[in-house]
Number of protein chains: 2
Amino acid sequence: DVAAPALPSAAHAVHTPLGVREVRLTDGPLASWQSLNASATLPHCIEQIEEWGILDNLRRVIGESGAEFRGFWFADSDLYKVIEAVAWEIARTGTTEFDAWLDDVIGLVARVQEPSGYVHSWIQGVHPELKFVQLELTHEMYVLGHMIQAAVALDRANGRDDLLVLARRFADLLDRRFGPGREQGICGHPEIETALVELYRHTGEERYLALAAHMVELRGQGLLKVGGLGARYFQDHAPVREARDAVGHAVRQLYLNAGVTDVYLEQGDATLLAAMDAQWSSAHERKMYLSGAFGSRHRDEAFGDDYELPSERAYAETCATIADIHWTWRMLLAGGAAGAATYAETIEREIHNALAASIDGGGTRFFYSNPLQQRPDRYSEENAPRERTPWYVCACCPPNIGRTVAQLGAYVASTTADALWLHQLAAAEIDLPADLGEAVVRVTTAYPADGRVEVSVHGHVRDGVRLAVRVPSWSPDAELTSRADGGSGAARADADGYARLPLVDGARYTLSLDLTPRLTRAHHRVDAVRGCLAVERGPVVHCVEQADLPDGVAVDDLVLLPEQGIDVADDGTLTVHCALVDRPDTLYSGAAAPVATEGSPSLDVAAIPFATWGNRSPGAMRVWLPVDR
Amino acid sequence: DVAAPALPSAAHAVHTPLGVREVRLTDGPLASWQSLNASATLPHCIEQIEEWGILDNLRRVIGESGAEFRGFWFADSDLYKVIEAVAWEIARTGTTEFDAWLDDVIGLVARVQEPSGYVHSWIQGVHPELKFVQLELTHEMYVLGHMIQAAVALDRANGRDDLLVLARRFADLLDRRFGPGREQGICGHPEIETALVELYRHTGEERYLALAAHMVELRGQGLLKVGGLGARYFQDHAPVREARDAVGHAVRQLYLNAGVTDVYLEQGDATLLAAMDAQWSSAHERKMYLSGAFGSRHRDEAFGDDYELPSERAYAETCATIADIHWTWRMLLAGGAAGAATYAETIEREIHNALAASIDGGGTRFFYSNPLQQRPDRYSEENAPRERTPWYVCACCPPNIGRTVAQLGAYVASTTADALWLHQLAAAEIDLPADLGEAVVRVTTAYPADGRVEVSVHGHVRDGVRLAVRVPSWSPDAELTSRADGGSGAARADADGYARLPLVDGARYTLSLDLTPRLTRAHHRVDAVRGCLAVERGPVVHCVEQADLPDGVAVDDLVLLPEQGIDVADDGTLTVHCALVDRPDTLYSGAAAPVATEGSPSLDVAAIPFATWGNRSPGAMRVWLPVDR
């Protein structure tokens, strides 16, 4: 069986995904990250959910703990996300080290589950009177959604189906109560929709798909008692086909969109895909941070207006980036209007920047909010601390990172009837699915540190199958070349952004990407970074951090001198050249007042990958560097 | 008796205020605004507080209403602010039209007040068990503060002291419970401190000053159970002498500072004034919007970091500007380090821009939040709607505007031992206080529409008394001239920003200010408006509004062409010249990508006073205009 998070079963999918066993990341930053995830992040998460009372919340329902309920009403979801993370790790490596823990926690869930199938520790243990009566707030379906995703992952990982049995019971209860033609109800936090579709895919049970599709149809009908947060916060302000703009709570919008796209993938209603195309354009062409983050506003953890993308107040929740990876991958599978290369490049931007920045070098400290600028006097706020922290009261992000890192292999490649597609350029071994042959495709590369990507094929490949390698938009002229017994070949990217050559046993392919550092600017309506440029190299966004500056030089006084270029050292570190502004000091002054950079010596400043900031000291940082004096 | 909001009684005050009867605004925008306030805003407020249940909240405590409690726990404060607004209107004009209403509502308060002196409709009527036990949340002292301010204003207005009797009873209760040496308690929302000092000034009762000073000392000791909002939100993170930066909830910080400055004015502790000097610098030199607004963050309605001043997400609460007028005026009276001219020019900026923008042309619709930019797709949020609205559930701002407009005369002038100071340049008649002579000083001007300010003196003036007229920093070379029987004179501003000439009966003075429109830029650390300039003329900040643009031209695509200057029409309207950006369309692109303004025809665009925006249609608006292409 294929172990991947999204396995469309209908013919509406354009691409067929590969699983984490078929795509084995062997080397480079993604593989290293998976190792760190397994050795540090997952054990840390397991420890933290015990320490923060997440398991006691369940135990107390059945008298196995005398502790008070702790955390948020959706705290159970943290457990399910950790289980899911462990499941993908099992799927990826076959490890058995988590089995005893799984026995323990799944056994606990089984004991807490009511005969009806219901299990939700906050409702059962604190507010039983609220069962299914405050769907806008209680997150009951959201929690079930994560339970389902964990259960499906575990069964796909190694056929362990005990959690799946429990999840199906709960899902069956939901269907009996809220299925088509019964009581109308949707969750205040989307997530159940994508989970139910996956449960349908995994079990073949049509009721789950019908329930998901029904919930998608019910959204935007005003079913939720939205209160002061307003309907947009919950994406309940308009039916999904009419809601063209990404608005409200960013994670909610993006999980919802994953679910809607999943429903499209199974049912093929083109009006849903059209709505998702519009949503994708809104979220990515007008509301996405350069780092691949979403949600400009602390207030309501929400999307801002078009082009409202402040660096310093970027809320940019880690979970929003993760939700977008889920959704954007499904758009790729669905053949959405933006095109596979754009979807894949977006996922690449997210993985290497916003997602990577959310975790420290040790794998046990996390950002919830991922701003693109930190002021020197920045003070920590809840969910937006000055530096990464081991856990959060609202702990959605850390285990979400864990499950996403463990499943990264699933976003690397896909197949169509006559091609193997390489979407992410990462060192990997890929087993060709049986319909294309019986071969291992090896990708060797130090990307993104190095621009050379090599691919070799070992085994039988069906005639007519091609290798389609994504050529990033920042290196459009890169050529894919091949050498094989039958001769050599070369191809540049087609209009869709993929370079194609026949996939042949024994052939060796090379793609050489231009990693010359680039200066990037934002659309003129992005006021927050007007007069600034950002340094990018390959898919990696860079930043300047106080820790690299001499005493007395402040990050916020730097002015980039773009005409002096960007130096690349042998080890790949980048150096930019800056002047310093030191007057005027007044907050407002006449336009003609002089600005003192002219006398400033040029200062060499390290531009480090954004993902690595804050690993030395929690000082000032900025991605966008002023060029305007 | 002098009817002014702050009447220092000790010798620590450098300036002596004049009251609203001594300074009568006779013409021009401030006088017109006071008329509108009296005829429209105050009746509207009286109607709204009835409609929104504010009076029923009190009636229900004593069985005079069967309604549910409505609004916030501090809803009583809305009533007291409306009473205070009415009081200043009575003080200003002697009107009797509100007397019956005052009889009614003060009688109601008297009936609700407990024998102990306690009166707070939410505690009494909803949560009596919380009396004085959750000071961080209940706003009991805050409500009392507004009761005191209203009571003092009413007694100063026409000697009506019935509310004063009630307020003193409550204040005495507070002193018995929380006075020095007794239970320690401070309010979660500062306001009581400045009110108690004024009650001391008005009654001579030292206990009120001692209680205020005690509460100032207790702040920053961790008395408040701050919860998730954190101590900074409540300014309880550090003692007032150590808290040099304006942080947390902006209105709280600024009301607190008014109270601390009041305590300094009565007790003369120089360490308090030094702390206020540092606070004033923080709030005004690093955290003030060009419009004279405060509080960059929607989250927690809070001050941001230094230079964090986003235009589009400016929270910029109306009440914060009002609180700052209160505080800054007290800093002027105290002779704070920034100097009288800077304080007065700040108040001028606030009155003519942030405060004036908070109300519509009809006087009955209000902004709570006053951003400096509105995007075309901006969606209304609670307390931050797209357009002015008649009232708010949290209705702190509208009555606060009412009381501030009615008391504007009190901020126009002051005296010292040998001078009459004109801080605000507004058409007015000013009665010289007895220690300087017995004369009327008439100020005639159409300022800020016109730069000519004329002053004439009618009556006896003591020998040696001088007229000190503030010369705005944007017209530093303006000369104050005089013609009198004894000869003429001329003076430019001294180093402190005031031009001085002898004040002589029969003399006529003229100050001619340069109202050439100016282009202003912000400090280079204000990322939000980098590469932008703002148009100012005199004290008036201008903006560009969608309603003035031709179809198909969007505010956010304008690029100012500063080299083409600013046209001033005979009626004072300003026109700027802009190009249009129409590409690239992508959110992020290479720095070298072309920007299409070159072919754009120059477009004439009206720059209207910021205070008047949103009176036609709730479209896009911006104060800061890009010049960077």
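Please read these numbers as outputs of a predicted model, since none were measured by experiment.

Focus on the overall build of chain A
Each helix and strand in chain A was counted, giving 15 helices and 23 strands. Relative to its length of 629 residues, chain A is compact, with a C-alpha radius of gyration of 25 Å against a globular reference of 25 Å. Its C-alpha atoms put chain A at 75 × 70 × 45 Å along the principal axes. Looking at chain A alone, contacts between residues at least 24 apart form 68% of all its contacts between residues at least 6 apart. Element-wise, carbon and sulfur atoms account for 49% of the exposed surface of chain A, whose accessible area totals about 19,900 Å². Positive and negative side-chain charges of chain A, numbering 55 and 88 respectively, have mean locations separated by a distance of 3 Å.

Focus on the pattern of salt bridges
Summed over all chains, the structure comprises 100 salt bridges over all chains. Notably, a salt bridge pairs Arg313 of chain A with Glu381 of chain A, separated by 2.8 Å at the nearest N-O pair. Of this pair, Arg313 of chain A sits in the loop between helix 12 (270–285) and helix 13 (318–334) while Glu381 of chain A is found in the loop between strand 3 (373–374) and helix 15 (397–406), placing the two residues 68 residues apart along the sequence. Connected through salt bridges with shared partners, the residues Arg297, Arg299, Asp305 and Glu308 of chain A together with Arg313, Arg378 and Glu381 of chain B form a single ionic network.

Here we look at the side chain of Asp175 of chain B
Residue and element names in this part refer to chain B. Turning to its location among the elements, Asp175 is positioned in helix 8 (residues 162–178). A residue is classified by how much of its surface remains accessible, and Asp175, at 6% relative accessible area, is buried. Excluding its chain neighbours within four sequence positions, the residues that come into contact with Asp175 are Pro180, Arg182, Arg207 and Leu211.

Digging into the interface of chain B and chain A
The interface is formed by 61 residues belonging to chain B together with 61 residues belonging to chain A. Here chain B and chain A share an interface that buries about 5,300 Å² over both sides, 46% of which is from carbon and sulfur atoms. Considering only the surface of chain B that becomes buried against chain A, Arg299, Arg521 and Tyr588 of chain B emerge as the three largest contributors, covering 17% of it. Our enumeration of links across chain B and chain A arrives at twelve salt bridges. Elements supplying a minimum of two residues to the side of chain B that touches chain A: helix 12 (270–285), strand 14 (518–522), strand 15 (532–537), strand 20 (588–590) and strand 23 (624–626) of chain B. Sorting elements by how many residues they give to the side of chain B that touches chain A places strand 14 of chain B first, with four residues. In the side of chain B that touches chain A, the residues fall into 25 nonpolar, eleven polar and 25 charged.

Side note on unusual backbone geometry
Residues other than glycine predominantly adopt negative phi, and peptide bonds predominantly adopt the trans conformation. All names here are of chain A. For the peptide bond that leads from Tyr447 to Pro448, omega is 5°, which places it in the cis range. Inspection of the secondary structure assignment puts Pro448 in the loop between strand 7 (437–445) and strand 8 (452–461). The backbone of Phe132 sits at a positive phi, close to 60°, despite the residue not being glycine. One can find Phe132 in the loop between helix 5 (121–125) and helix 6 (135–138). On the basis of relative accessibility, which here comes to 5%, the residue Phe132 falls in the buried class.

Looking at the sheet that holds strand 2 (residues 23–25) of chain A
Think of a sheet as strands paired side by side through backbone hydrogen bonds, with each pair either parallel or antiparallel. Residues and elements named next belong to chain A. Taken in spatial order, the seven strands of this open sheet run 2-6-7-8-13-10-11, and their pairing is antiparallel. Two strands lie at the open edges of the sheet, namely strand 2 and strand 11 (487–492), each paired on one side alone. The average angle at which neighbouring strand axes cross in this sheet is 15°, direction not considered. Here strand 6 (residues 428–431) pairs with strand 7 via four bridges, running antiparallel. Its bridge partner being in strand 7, Ala428 is matched across the sheet by Val443.

Some words on the packing of aromatic side chains
Each pair of aromatic rings is reported with the distance of its centres and the angle of its planes. For the coordinates displayed, the defined rule picks out 34 aromatic pairs over all chains. Their ring planes at 80° and their centres at 5.2 Å tell us that Phe132 of chain A and Phe178 of chain A sit as a pair that is edge-to-face. Within this pair, whereas Phe132 of chain A is found in the loop between helix 5 and helix 6, its partner Phe178 of chain A is found in helix 8 (residues 162–178), the two being separated by 46 residues in sequence. For the pair Trp280 of chain B and Tyr343 of chain B, a centre-to-centre distance of 4.9 Å together with 90° between the ring planes defines the contact as edge-to-face. Pair noted here: Trp280 of chain B is in helix 12 and Tyr343 of chain B is in helix 14 (residues 340–357), with a separation of 63 residues, a long-range link. Per residue, the accessibility class of Trp280 of chain B equals that of Tyr343 of chain B, and both read buried. One aromatic cluster is present, built from ring pairs that chain together Phe72, Trp73, Phe74, Trp122 and Tyr142 of chain A.

Re the environment of Gly619 of chain B
All names here are of chain B. Here Gly619 is to be found in the loop between strand 21 (603–609) and strand 22 (621–622). For Gly619 and Ser414, which are 205 residues apart along the polypeptide, the C-alpha to C-alpha distance reads 41 Å. With sequence-adjacent residues up to four places away left out, Gly619 is seen in contact with Gln374, Arg386, Gln546 and Trp613.

Observations regarding the domain arrangement of chain A
All names here are of chain A. Segmenting chain A into domains produces domain 1 (16–368 + 381–411), domain 2 (416–512) and domain 3 (518–626). Each of domain 2 and domain 3 has a C-alpha centre, and these two points are 38 Å apart. Counting residues at the interface gives four residues for domain 2 and five residues for domain 3. Taking both sides of the interface into account, the surface hidden between domain 2 and domain 3 amounts to around 360 Å²; carbon and sulfur atoms contribute 64%. Summed over the three residues of domain 2 that lose the most area to domain 3, namely Pro448, Ala449 and Trp474, the buried surface amounts to 90% of that side. Joining domain 2 to domain 3, the criterion identifies zero salt bridges. Across the contact surface, domain 2 and domain 3 share one residue pair in polar contact (both at pLDDT 80 or more).

What about the relation of the copies chain B and chain A?
You can overlay chain B on chain A at an RMSD of 0.0 Å; the transform is a turn of 180° with a shift of 0.0 Å along its axis. The operation mapping one copy onto its partner corresponds to a two-fold rotation axis. When you check the interface residues of chain B against chain A, 100% turn up at the interface there too, and the contact is symmetric in its surfaces.

Remarks on the packing of helix 7 (residues 140–158) of chain B against helix 9 (residues 192–203) of chain B
Residue and element names in this part refer to chain B. Between helix 7 and helix 9, the least distance of the axes is 8 Å, while the angle of their chain directions is 30°. Considering the relative orientation of helix 7 and helix 9, their crossing is left-handed. For the pair helix 7 and helix 9, contact is made by Met141, Leu144, Gly145, Ile148, Gln149, Val152, Asp155 and Arg156 and by Ile192, Thr194, Ala195, Leu196, Glu198, Leu199, Arg201 and His202, respectively. Tallied by class, the residues present in the contact of helix 7 with helix 9 amount to eight nonpolar, four polar and four charged.

Re the side chain of Arg299 of chain A
If you trace the backbone, Arg299 of chain A turns up in the loop between helix 12 and helix 13. Side chain to side chain, Arg299 of chain A and Glu381 of chain B meet in a polar contact 3.4 Å long. Beyond its immediate stretch of four places on either side in the chain, Arg299 of chain A contacts His298, Arg313, Tyr315, Glu381, Glu382 and Ala384 of chain B.

Description of the state of the cysteines
This structure, assessed with the given rule, holds zero disulfides over all chains. As a non-bridged cysteine, Cys394 of chain A has Cys396 of chain A as the owner of its nearest cysteine sulfur, 3.9 Å distant. Its sulfur unpaired, Cys396 of chain B is 3.8 Å from the next cysteine sulfur, which belongs to Cys319 of chain B. On the basis of relative accessible area, Cys396 of chain B is assigned to the buried category, the value being 7%.

Some words on helix 1 (residues 28–51) of chain B
All names here are of chain B. End to end, helix 1 covers 33 Å across 24 residues, agreeing with the expected 34 Å (1.5 Å per residue, within 8%). Along its length, helix 1 reaches its greatest deviation from straightness, about 45°, at Asn37. Positive phi appears at Gly53, one or two residues downstream of helix 1, with a value of about 85°.

A closer look at the pairing of strand 14 of chain B
Residues and elements named next belong to chain B. Counted residue by residue, strand 14 has five buried out of five residues, so it is predominantly covered. With burial as the criterion, each face of strand 14 is covered, one bearing Arg518, Thr520 and Ala522 and the other bearing Leu519 and Arg521. Direction of pairing for strand 14 relative to strand 15: antiparallel, over a ladder of three bridges. Residue pairing for strand 15: Leu519 is matched across the bridge by Val535.

A word on the environment of Glu206 of chain B
Residues and elements named next belong to chain B. Topologically, Glu206 is positioned in helix 10 (residues 206–218). Residue Glu206 is classed as exposed on the basis of its relative accessible area of 52%. With ten residues separating them along the chain, Glu206 and Leu196 place their C-alpha atoms 10.0 Å apart.

Rules and cut-offs
- Residues numbered from 1 in each chain as written.
- Chains lettered and ligands numbered in written order.
- Predicted model: local features only at pLDDT ≥ 70, side-chain atom pairs only at ≥ 80, totals over all residues.
- Heavy atoms only, no water.
- Helix = DSSP H or I, 4+ residues; strand = E, 2+ residues; numbered from the N terminus.
- Rg over C-alpha atoms; globule rule 2.2 N^0.38 Å.
- Contact = heavy atoms within 4.5 Å.
- Areas by Shrake-Rupley, 256 points an atom, 1.4 Å probe, with all protein chains shown as cover.
- Lys, Arg positive; Asp, Glu negative; His and termini not counted.
- Charge placed at Lys NZ, Arg CZ, Asp CG, Glu CD.
- Salt bridge = Lys/Arg side-chain N within 4 Å of Asp/Glu carboxyl O.
- Buried < 20%, exposed > 50% of the residue type's maximum accessible area, 1.4 Å probe, protein only.
- Buried area = accessible area lost by both parts, 1.4 Å probe.
- Nonpolar A, V, L, I, M, F, W, Y, C, P; charged D, E, K, R; others polar.
- Pairing = 2+ DSSP bridges.
- Axes fitted to C-alpha atoms, helices over the stretch in contact; angles between N-to-C directions.
- Phe/Tyr/Trp six-rings, centres within 6.5 Å; stacked < 30°, edge-to-face > 60°.
- Domains from an automatic or database assignment.
- Polar contact = N/O pair within 3.5 Å; in protein donor to acceptor, adjacent residues only side chain to side chain.
- Least-squares fit on C-alpha atoms with pLDDT ≥ 70 in both.
- Left-handed = near helix turned anticlockwise from the far one by under 90°.
- Disulfide = S-S within 2.5 Å.
- Expected span 1.5 Å × (residues − 1).
- Bend = angle between axes of the 7 residues up to and from the residue.

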